[in-house]
Amino acid sequence: QVQLVESGGGLVQAGGSLRLSCAASGFTFSSYAMGWFRQAPGKEREFVAVINWRYGTTNYADSVKGRYTISRDNAKNTVYLQMNSLKPEDTAVYYCAAGYKYRDSSDYARDYVYWGQGTQVTVSS
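Just so it is clear, the model here is predicted, and its values are computed rather than measured. (Residues numbered from 1 in each chain as written. Predicted model: local features only at pLDDT ≥ 70, side-chain atom pairs only at ≥ 80, totals over all residues. Heavy atoms only, no water.)

Colleague: Quick one: what's the story with the environment of Ala23, residue by residue and with numbers?
Modeller: Within the secondary structure, Ala23 is located in strand S3 (residues 18-25). By relative accessible area, Ala23 is classed as partly exposed at 38%. For the pair formed by Ala23 and Leu4, sequence separation is 19 residues and the distance between their alpha carbons is 5.6 Å. In contact with Ala23, not counting residues within four places along its chain, are Gln3, Leu4, Val5, Asn77 and Thr78. (Helix = DSSP H or I, 4+ residues; strand = E, 2+ residues; numbered from the N terminus. Buried < 20%, exposed > 50% of the residue type's maximum accessible area, 1.4 Å probe, protein only. Contact = heavy atoms within 4.5 Å.)

What follows is the structure in C-alpha cells.
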C-alpha cells in the first residue's frame, strides 16, 4: 500500500523557518521524482519544488526560489522541504507527491501519481 505522510507543518512568524518531511512507503522511492505542491484557501494547487529521481536535480517555483530547498534521502525514503524567510503568502496546505516511475521531473500536478494528505503551514505577519 502506497503511503506519503507529511509532517513538520505549523504556525510560524514571518521571516521564520520550517522543515517539512514526507515519509514514503509502498513503492520504490528512489525511482520516482518527488515534488512539493501547495494550496492556499480559495486558490488552485500550485507547484513548489521537485527533485529528480536519477541525479537529484531540483527545480523551484519562482515564488520560492532562493528561500526553499528540496532534498531527499533515499535510504530513509523521505523527501524534505526546508523553508526559510517565510512570508504570509506562503500560508497553505503543503502536499508531497511522487511522479511516475522513471519519469523526468515535472511542474504539473497531472504528472504525479501518488499524493500525501497534506500539512498546514501558517505564516503570521
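From this point on, the discussion continues.
Colleague: So what about the sheet that holds S3? Which residues, and what values?
Modeller: With antiparallel pairing, four strands are arranged side by side in an open sheet as S1-S3-S8-S7. In this open sheet, the two strands that pair with only one neighbour each are strand S1 (3-7) and strand S7 (68-73). Between one strand axis and the next, the sheet turns through 15° on average, direction left out of account. The pairing of S1 with S3 spans five bridges and is antiparallel. By the bridge assignment for S3, Val5 is matched with Ala23. (Pairing = 2+ DSSP bridges. Axes fitted to C-alpha atoms, helices over the stretch in contact; angles between N-to-C directions.)

Colleague: Pulling in residues and values, what's your account of the pairing of strand S4 (residues 34-39)?
Modeller: In terms of burial, S4 is largely enclosed, as five of its six residues are buried. The hairpin formed by S4 and strand S5 (residues 46-51) contains six residues between the paired strands, and Gly42 there has a positive phi angle of roughly 80°. Here six bridges tie S4 to strand S9 (residues 92-99), and the two strands are oriented antiparallel to one another. Paired with Gln39 across the strands is Val93, a residue of S9.

Colleague: Tell me about unusual backbone geometry, and name the residues and values.
Modeller: Even without being glycine, Ser85 reaches a positive phi, approximately 50°. Relative to the elements of secondary structure, Ser85 occurs in the loop between strand S8 (78-83) and S9. Taking relative accessible area as the criterion, Ser85 reaches 41% and is therefore assigned partly exposed. A positive phi is found at Tyr102, a non-glycine position, where the angle reads about 65°.

Note that all results are geometric; they support no functional claim without further evidence.
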